[in-house]
Structures are given as structure tokens and as C-alpha cells.
Amino acid sequence: MQLPQQLYETRTLDSSGLKTLLETQTFDKELTALADAVRREYYGTAVYLRGLIEFTNYCKNNCLYCGIRNENRNLERYRLTEEEILSCCKNGYELGYRTFVLQGGEDPFYTEDAVTGIVKKIRSGYPDCAVTLSLGEHPAETYQRWFNAGANRYLLRHETANNEHYRKMHPATMSLLNRKECLFHLKKIGYQVGSGFMVGTPFQTTECLIDDLRFLQELQPDMIGIGPFISHRDTPFKDFPNGKLRLTLRLISILRLMFPYALIPATTALGTIDPQGREWGLRSGANVVMPNLSPVAVRKKYELYDNKICTGEEAAECRACLGRRIARAGYEVVSDIGNVKKHS
Ligand code: SAM
Ligand code: FES
């Protein structure tokens with residue numbers, strides 16, 4: 001049996017099969033076709049929208065790849081007020097969004113209480129919407145309080161599941177073990193959990209990617225976000241090449257076959273390395289897009305990597321632009337809370 005068919009039928013492969021799939025183009029066509037068929041079987045042509053509110057670009061961390069890392073002194077920092085965040089939600093709700101994703105650096109200015117207050121207000125103002133947080137690593141008790149306040153989902157990419165690789169991408173103050181523990185805490189509390197990794201980060205090998213897939217098999221997340229690494233001029237990784245479109249798409253298809261029920265975004269980073277990247281992502285098995293709902297005035301400042309798209313004057317039009325792109329790719333935007341299908 002061909003490898004993609006085997007992956008489709010058993011949802012897993014041994015590591016030598018995964019290595020062959022990851023390193024050769026031989027099976028790409030079959031992989032993409034099977035991934036699209038599985039996506040249609042589980043989710044039809046639906047594409048779910050998540051309104052992304054990038055509410056602070058302050059961060060206490062120093063991930064070596066990240067444009068908003070603490071030591072980047074060339075960045076103008078901003079924070080949105082609670083009123084501004086709620087106004088993004090109002091705007092998003094009117095545009096048909098039923099999920100709001102609050103994302104930011106790890107910014108101690110937003111204390112546990114402050115985030116609890118914001119979550120409560122969104123929850124009571126928009127009872128029919130999902131509240132997703134993406135605020136990095138915190139104690140289990142903090143995650144629990146935010147969950148109790150009404151947050152339903154949490155996005156925390158593990159970034160790389162290979163210890164040695166993790167240490168090359170992060171300062172010694174951070175640890176893979178802690179990140180993994182956070183993910184298991186979040187799951188235990190009852191969040192719908194999203195994890196994921198970057199493709200093509202410096203020092204990444206095929207073995208690292210296989211470790212990523214194995215970790216995801218262990219975690220069984222509801223959402224899986226992957227996107228190419230893109231270098232940022234003011235980071236220690238500024239001279240490294242960007243991740244590749246082809247490999248990212250191949251991984252999206254592999255993930256769809258391994259996790260048929262998962263919510264998988266066609267990410268902004270994919271749209272940044274190729275003008276049609278998000279459309280290719282959808283055709284390869286992705287079923288979520290995350291348009292930016294942040295005020296246009298701050299979008300350029302949340303620059304995780306160089307040349308990030310959807311940050312200019314045209315950015316207010318993200319919703320309409322993405323709707324057209326999704327339709328052209330052969331799928332359909334739905335205004336729906338878009339919960340994960342039951343894992344089976
Ligand atoms: N602070 C939160 C966290 O650590 O999860 C959320 C914000 S963080 C900036 C969101 C994601 O951006 C990270 O998980 C990482 O995968 C991605 N990212 C950061 N720098 C990137 C880069 N240079 N290229 C592509 N993605 C990047
Ligand atoms: Fe904190 Fe990137 S270093 S969000």
C-alpha cells in the first residue's frame with residue numbers, strides 16, 4: 001500500500017514512513033487529495049473564522065525567532081485597553097465572527113485579574129461566541145480562573161517537541177517541559193486546546209518534525225496551528241532562511257490524515273511566504289482562517305516576522321478579502337462558533 005493510503009487508513013505511520021513522506025515529493029499529489037477528501041468528510045467545505053485580537057506586543061520572553069521578543073529595542077510597544085478590546089469584539093460580531101482570539105506576548109501588565117475581567121465581559125456580551133486565549137505559559141490555577149470566567153479555548157504552540165532543538169530556539173529560562181505541562185493542564189481543565197509548531201526553523205531536522213507529530217499524537221489537541229518560520233530583521237535568527245511552502249503544505253496534509261477531526265488554520269505566515277499560501281493551505285486540508293480584528297493603527301507593531309501581511313491600510317477589509325479568497329479556493333466561510341468535532 002502507498003504511504004498516504006496507509007496513513008489515511010491507520011492514522012499513523014512508523015517513523016521511516018513519515019521520514020519518506022516528509023522528505024520526498026513523490027506522494028504529494030495523493031497526500032493532498034486524501035487530505036482534502038478527509039476534510040470534506042468531517043467538515044464539508046466549511047471554513048471557520050477566528051477573529052484575532054493582538055492586544056499587546058509587550059513580552060517578557062526572548063524567543064530567538066520572535067519579532068516582539070523583549071530585547072528588540074527597535075519596536076514601538078502598545079497595549080489595547082479593555083474598551084478597545086471590547087470594541088474589536090463588537091466590530092467582529094457585526095462582521096459575523098463567533099470566535100474571538102485574544103493573543104499577546106507574555107505581558108505582566110495584564111494580571112490574572114485583568115484578564116479575568118476582560119474574559120467575563122466578552123463572555124457576558126457575546127454568550128453565543130467562543131473566547132480563545134493565547135497568552136503563553138501560566139500556572140494551572142491561572143488557566144483555571146480564566147476558564148471559570150468563560151474562556152473556552154487556548155492556543156499554545158509547543159514550537160518544537162525536540163529538547164535539543166527547543167534549547168537552540170529559546171533562552172535557558174524557558175523549558176519545553178514547562179510548555180508541555182501547560183498544555184496538559186489546559187486539557188485537564190477542559191479547554192479546547194490548540195498546539196503546533198513552526199516549519200523550517202533554524203536547526204530543524206526531519207527527526208524534529210517527527211517528534212512534533214509524535215507529541216501531537218500524545219496530546220491529541222483540538223486545534224493544530226503550523227506555519228513557516230519567517231525571519232525577522234531584529235532577532236538573532238535574522239540571517240536564517242524562511243520555512244518552505246511545499247513542506248508546510250505537506251505537513252498540513254499529514255496532520256489532516258492523522259487528526260481528521262482537528263481544526264487546522266491556514267495561517268497568516270503561510271500567506272506571507274506566498275500570495276496564494278492560505279488558499280493552498282485550505283486545499284491541503286486546513287479548515288480555519290484567522291483574520292485580524294486588531295485596530296489598523298497597531299497592526300504593523302505586532303510584527304512577529306518581516307513583511308507580515310494584512311497590516312496596511314487595506315487591513316480593515318480582511319474579512320471581505322478572505323471571504324473572496326476562500327470562495328475562489330472552492331470552500332465556504334461559515335458564521336458559526338466552529339467547535340471541534342468529537343474525536344473519534
Ligand atoms: N505569547 C504567546 C505564546 O507564546 O504562545 C502567543 C504569541 S506568539 C508571538 C504566537 C506564535 O507566533 C508563536 O507560537 C510562534 O509559533 C509564532 N511566531 C513567532 N515568531 C515567528 C516567526 N519568526 N515566524 C513564524 N512564526 C512566528
Ligand atoms: Fe514573547 Fe514572542 S517572545 S511572544
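Structure first, text after, so check above.
Description of the structure in this document. Bear in mind that the values here come from a model prediction, so they are computed numbers and not experimental data.

## Here's the deal with the overall build of the protein
Move 1: Scanning the protein for helices and strands turns up 14 helices and nine strands.
Move 2: The C-alpha radius of gyration computed for the protein amounts to 19 Å, which stays within 12% of the reference 20 Å derived for 344 residues, consistent with globular compactness.
Move 3: Overall size of the protein, expressed as C-alpha extent along the three principal axes, is 55 × 40 × 40 Å.
Move 4: Looking at the protein as a whole, 58% of its 344 residues are labelled buried.
Move 5: For the protein, the proportion of contacts with a sequence separation of at least 24, taken over those separated by at least 6, is 75%.
Move 6: For the protein, the accessible area works out to roughly 14000 Å², and carbon and sulfur atoms hold 52% of it.
Move 7: The positive charge centre, built from 44 side chains, and the negative charge centre, built from 40, are 2 Å apart in the protein.

## Quick look at the pattern of salt bridges
Move 1: Scanning the model with the defined rule gives 22 salt bridges in all.
Move 2: The salt bridge partner of Asp113 is Arg145, with a shortest N-O separation of 2.7 Å. One end of the pair, Asp113, is in helix H5 (residues 112-125); the other, Arg145, is in helix H6 (residues 140-149), with 32 residues separating them in the sequence.
Move 3: Taking relative accessible area as the criterion, Arg145 reaches 34% and is therefore assigned partly exposed.
Move 4: For Asp234, the salt bridge is made with Arg233, and the minimal N-O distance between the two is 3.9 Å.
Move 5: What makes Asp234 partly exposed here is its relative accessible area of 25%.
Move 6: Judged by relative accessible area, which is 43%, Arg233 ranks as partly exposed.
Move 7: What emerges from the salt-bridge pattern is a single network uniting Arg233, Asp234, Glu303 and Asp306.

## As for the packing of helix H2 (residues 15-23) against helix H9 (residues 206-219)
Move 1: Close contact between H2 and H9 brings their axes to 10 Å; oriented N to C, the two are set at 120°. Relative to H9, the element H2 is oriented oblique. Crossing of H2 over H9 shows right-handed handedness. Residue-level contacts link Ser15, Leu18, Lys19, Leu22 and Glu23 of H2 to Thr206, Glu207, Leu209, Ile210, Leu213 and Arg214 of H9.
Move 2: Considered class by class, the residues forming the contact of H2 with H9 number five nonpolar, two polar and four charged.

## Topic: the pairing of strand S6 (residues 192-199)
Move 1: Counted residue by residue, S6 has eight buried out of eight residues, so it is predominantly covered.
Move 2: Bridge count for strand S5 (residues 153-155) against S6 is three bridges, and the pairing is parallel. Within S6, the position partnered with Arg153 by the bridge is Gln192.
Move 3: The β-α-β motif built from S6, the intervening H9 and the parallel element strand S7 (residues 223-228) has right-handed crossover chirality.

## Quick look at H2
Move 1: Of the residues making up H2, those classed as buried are Gly17, Leu18, Leu21 and Leu22. An end-on view of H2 places all buried positions within 130° of arc, on one side of the element.

## Here we look at the sheet that holds strand S8 (residues 288-289)
The strands that make up a sheet are held in pairs by hydrogen bonds between backbone atoms, and each pair lies either parallel or antiparallel.
Move 1: With respect to topology, three strands assemble into an open sheet ordered S8-S1-S9, the strand pairing being parallel. Lying at the two open borders of the sheet, with one neighbouring strand each, are S8 and strand S9 (332-334).
Move 2: Pairing analysis gives three bridges linking strand S1 (residues 46-49) to S9, with the strands arranged parallel. Among the inter-strand pairings, Ala46 is bridged to a residue of S9, identified as Glu332.

Conventions we followed
- Residues numbered from 1 in each chain as written.
- Chains lettered and ligands numbered in written order.
- Predicted model: local features only at pLDDT ≥ 70, side-chain atom pairs only at ≥ 80, totals over all residues.
- Heavy atoms only, no water.
- Helix = DSSP H or I, 4+ residues; strand = E, 2+ residues; numbered from the N terminus.
- Rg over C-alpha atoms; globule rule 2.2 N^0.38 Å.
- Buried < 20%, exposed > 50% of the residue type's maximum accessible area, 1.4 Å probe, protein only.
- Contact = heavy atoms within 4.5 Å.
- Areas by Shrake-Rupley, 256 points an atom, 1.4 Å probe, with all protein chains shown as cover.
- Lys, Arg positive; Asp, Glu negative; His and termini not counted.
- Charge placed at Lys NZ, Arg CZ, Asp CG, Glu CD.
- Salt bridge = Lys/Arg side-chain N within 4 Å of Asp/Glu carboxyl O.
- Axes fitted to C-alpha atoms, helices over the stretch in contact; angles between N-to-C directions.
- Parallel < 35°, antiparallel > 145°, perpendicular 65-115°, else oblique.
- Left-handed = near helix turned anticlockwise from the far one by under 90°.
- Nonpolar A, V, L, I, M, F, W, Y, C, P; charged D, E, K, R; others polar.
- Pairing = 2+ DSSP bridges.
- Right-handed = clockwise from strand over helix to strand, strands pointing away.
- Arc of directions from axis to C-beta.

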